[in-house]
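Remarks on the overall topology
This is what each chain is made of:
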Amino acid sequence: MKITVIGTGYVGLVSGVCLSEMGHDVTCIDTNPKVVSSLKKGNVTFYEPGIEDLILKNIKQQKLSFTTSYKKGTQNTKVFFICVGTPSLKNGSCDTSFINDVSQKLSRHLTDKSIVYVKSTVPIGTNELVSKIIKKNIKSNNKFYVASNPEFLKEGDAINDFMNPDRIIIGTEDDYVIEISKKIYKPLIIKKKNIIFLKTRSAELSKYASNAFLATKISFMNELSMLADEYKISINDVKHAMSFDTRIGKHFLNAGLGFGGSCFPKDLHSLEYVFKQKKINSPLISATIEVNNNQRKRFLQKAYALYEHKELKKKKLLVWGLTFKPNTDDVRESQSIKLIKNLSKKYNHLYLYDPKGIPNAKKDLKGLTNITYLNTQYEFISKCDALILCTEWNEFVNFDIEKVAKLKDRIILDGRNVLDEALLNKSGFRYISLAN
Ligand code: UGA
């Protein structure tokens, strides 16, 4: 099937590449000429494991192409996926201006029986708005359909999430959309029968519901970790015990510095905003946000308490992890970046390392004068007094204890509760976590 994807950010690019891998003939439109010319060479502006190889493979097989032109990109196509960004506005609401803009541009190129799927995470009612915009701008009386198809992929494991989805959600009120959706996703639904058809608004809310629920699970564990910390109980033990209950499951129960990224914080604020708009009290959503912010502050207090106030200005910290989670180069809403901005005010110097996040962190931390980016996780370790772990990359969890023993004060502050406390204590380290 011929498919056009608009927007080549995380959701758009992964969707475009995976749809071509599934056998479709895909064109991706992005209005940024630099991005398009890089993608044509298989170069992606962000890090996502496996994506570049898949792009090159599908370009070679002529199943995937990139263009800046709506005219070229929409030729002979009847299936469109809108995948542009929906960032937060200052008041927490979701900015759908890119969606509106794309809908307007696209409407001029739609032929009879076109389907426009909205994959971006959008507030309730956005699909109806897209429909209205298209109706207003479409050239003839061509029949068209707008359907919601939220995406549930995670950065760092995006290809796998797209190709092996737990569920494919389609929000539509039309049988024709149901029929075409089944054809598009046929390779992914044969075995699992995991396609779910809902009303459009239900599909829109289901995306927010999933993200908010997962974020709440994390905040619940983080809140509990405060109590566990007081009683010297390992929160990981508690998690282990809970995870055997199949009603709870084992995922998203890791207590730590808190959640970040471009989705959870944005979607929670957007949800909080619509609750307020409808004058409905939403203590749970607000508490999830509050617990998340408190968690970072609690950790910061632990980082300040490592030394006497007077000593702090003399001490040098090694910080491992800048991204909002492992296996990505994304530092948006990263707890680590927020911490570093505070820590740099109190500590003498910070030495920062991340396997992929340094280029993006440099943009966010511009202006800080007492930081140095390292080439390896152990570079300059003997100059540092203590180590702070902010992101649980594999190489940090499985570190070389002999090299880390070169830290002057042998102190490790673990922001993700992932290190082996007993081993570290036995090896002469002072180990502090959020409740390990
Ligand atoms: C999230 C959802 O997991 C995806 O299903 C969704 O499609 C995506 O948002 C989106 O809306 O586009 P993502 O933001 O890539 O995906 O990352 P997650 O793996 O969900 O992690 C989010 C944050 O939660 C990270 O900062 C991570 O460190 C934190 N986290 C996660 C915890 O603190 N504890 C956990 O147990 C799990």
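Quick note: structure is the one above.
Below: a short report on this structure. Quantities reported herein were computed from a predicted structural model and do not represent experimental measurements.

The next point concerns the environment of W393. Along the chain, W393 turns up in the loop between β12 (386-389) and α17 (394-397). C-alpha separation for the pair W393 and S107, spaced 286 residues apart in sequence, amounts to 44 Å.

What follows deals with the packing of aromatic side chains. Within the structure shown, the criterion is met by 11 aromatic pairs. Both rings, one in Y145 and one in Y176, keep their centres 5.2 Å apart while their planes meet at 35 degrees; by these two values the pair is tilted. Of this pair, Y145 sits in strand β6 (residues 144-148) while Y176 is found in helix α8 (residues 175-184), placing the two residues 31 residues apart along the sequence. Here F259 and F264 contribute two aromatic rings whose centre-to-centre distance is 5.8 Å and whose plane-to-plane angle is 80 degrees, an arrangement assigned as edge-to-face. In terms of burial, F259 and F264 fall into one category: buried. Through a chain of ring-to-ring contacts, three or more aromatic side chains come together here, namely W320, Y353, Y378, F396 and F399. Of note, R167 hangs over the ring of F152, and the distance from its end group to the ring centre comes to 3.7 Å. Positioned above the aromatic ring of Y304, the side-chain terminus of K346 is 5.0 Å from the ring centre.

Turning next to the packing of helix α13 (residues 283-304) against helix α15 (residues 335-346). Think of two packed helices as two axes; the pair is described by the angle between the axes and how far apart they sit. Between α13 and α15, the least distance of the axes is 11 Å, while the angle of their chain directions is 35 degrees. Once α13 is placed against α15, the crossing between them reads as right-handed. Residues N292, R296, F299, L300, A303 and Y304 of α13 form the contact with α15, whose own contacting residues are Q335, K338, L339, N342, L343 and K346.

Now for the nonpolar core. Core analysis: the largest hydrophobic core is formed by 50 residues, its most contacted members being W320, L343, V404 and I412. At the level of elements, α13, β9 (316-320), α15, β10 (349-353), α16 (358-364), β12, β13 (411-414) and β14 (430-433) are the ones that each hand at least two residues to this core. If we skip the residues at most four places from it in the chain, L343 touches L300, A303, Y304, L317, L350 and I388. Counting 41 residues, the second-largest nonpolar core is a separate cluster that includes L19, V36, F81 and C83.

Further remarks concern a nonpolar patch on the surface. Together, L227, Y231 and I233 make up a nonpolar patch on the protein surface, roughly 340 Å² of accessible area in all. Looking at the secondary structure, you find L227 in helix α10 (residues 200-230).

To continue, consider the packing of helix α12 (residues 264-277) against α13. Between α12 and α13, the least distance of the axes is 9 Å, while the angle of their chain directions is 145 degrees. With respect to the hand of their crossing, α12 and α13 are arranged in left-handed fashion. Where α12 approaches α13, its residues L268, H269, L271, E272 and F275 are matched on the opposing element by I285, S286, T288 and I289. Its residues placed into classes, the contact of α12 with α13 shows five nonpolar, three polar and one charged.

Turning to the side chain of T200, a few remarks are in order. In this structure, T200 sits in helix α10. The contact partners of T200, leaving out residues within four places of it in the chain, are N127, S148, G171, T172 and E173.

Further remarks concern the site of the ligand. Around the ligand there are 20 residues in total, and L153, E155, K207, N211 and N254 lie nearest to it. Between the ligand and E155 there is a distance of 2.8 Å, counted from an oxygen atom to a backbone nitrogen or oxygen. Interatomic distance of 2.8 Å between a side-chain N/O atom of N211 and an oxygen atom of the ligand. Isolated, the ligand exposes 720 Å² of accessible area, and the fraction of that covered by the protein chains is 92%. Of all the secondary structure elements, the ones that give two or more residues to the shell around the ligand are α10 and α12. For the shell around the ligand, the leading source of residues is α10, giving three residues. Looking at the shell around the ligand residue by residue, the classes come out as nine nonpolar, four polar and seven charged.

Scoring rules and cut-offs
Counting restarts for each chain, with residues numbered from 1 along the sequence as it is written. Two thresholds apply to this predicted model, a pLDDT of at least 70 for residue-level local features and 80 or more for giving and counting side-chain atom pairs, whereas whole-chain, interface and lining totals are computed over all residues. As a rule here, side-chain values come from all non-hydrogen atoms in the structure, and water together with hydrogens is ignored. In this description a helix means any DSSP run of H or I spanning at least four residues, a strand means any run of E spanning at least two, and both kinds are numbered starting from the N terminus. Working definition: rings of Phe, Tyr and Trp (its six-membered ring) pair if their centres are within 6.5 Å, and the pair is stacked with planes under 30 degrees apart, edge-to-face with planes over 60 apart, and tilted otherwise. Throughout this description, buried means an accessible area under 20% of the type-specific maximum (1.4 Å probe, protein chains only), exposed means over 50%, and partly exposed covers the range between. Should the NZ of a Lys or the CZ of an Arg lie within 6 Å of a ring centre and within 35 degrees of the ring normal, that charge is described as sitting over the ring. In this analysis an axis means a line fitted to C-alpha atoms, helices contributing only their contacting stretch, and an angle means the value between N-to-C directions, from 0 to 180 degrees. Crossing handedness is read from the near helix: turned anticlockwise from the far helix by less than a right angle, it gives a left-handed crossing, and turned clockwise, a right-handed one. Whether two residues are in contact is decided by their heavy atoms: any pair within 4.5 Å suffices. Nonpolar cores were defined as sets of buried Ala, Val, Leu, Ile, Met, Phe, Trp, Tyr and Cys residues, with membership established by side-chain atoms within 4.5 Å. Patches were defined on residues exceeding 30% relative accessible area and lacking a salt bridge, with like-charge contacts within 9 Å and nonpolar side-chain contacts (Val, Leu, Ile, Met, Phe, Trp, Tyr) within 5 Å. Reported accessibility uses the Shrake-Rupley method at a 1.4 Å probe radius. Residues are deemed covered only where the shown protein chains occlude them. The term salt bridge refers to a pairing of a side-chain nitrogen on Lys or Arg with a carboxyl oxygen on Asp or Glu at a separation within 4 Å. In this classification, the charged set is Asp, Glu, Lys and Arg, the nonpolar set is Ala, Val, Leu, Ile, Met, Phe, Trp, Tyr, Cys and Pro, and all remaining amino acids, among them Gly, are polar. A single heavy atom is enough: if one lies within 4 Å of a molecule or strand, its residue is considered near that molecule or strand. Any N or O atom pair separated by 3.5 Å or less is treated as a polar contact, with the protein-specific requirement of one donor-capable and one acceptor-capable atom, and with residues adjacent in sequence counted only for side-chain atom pairs.

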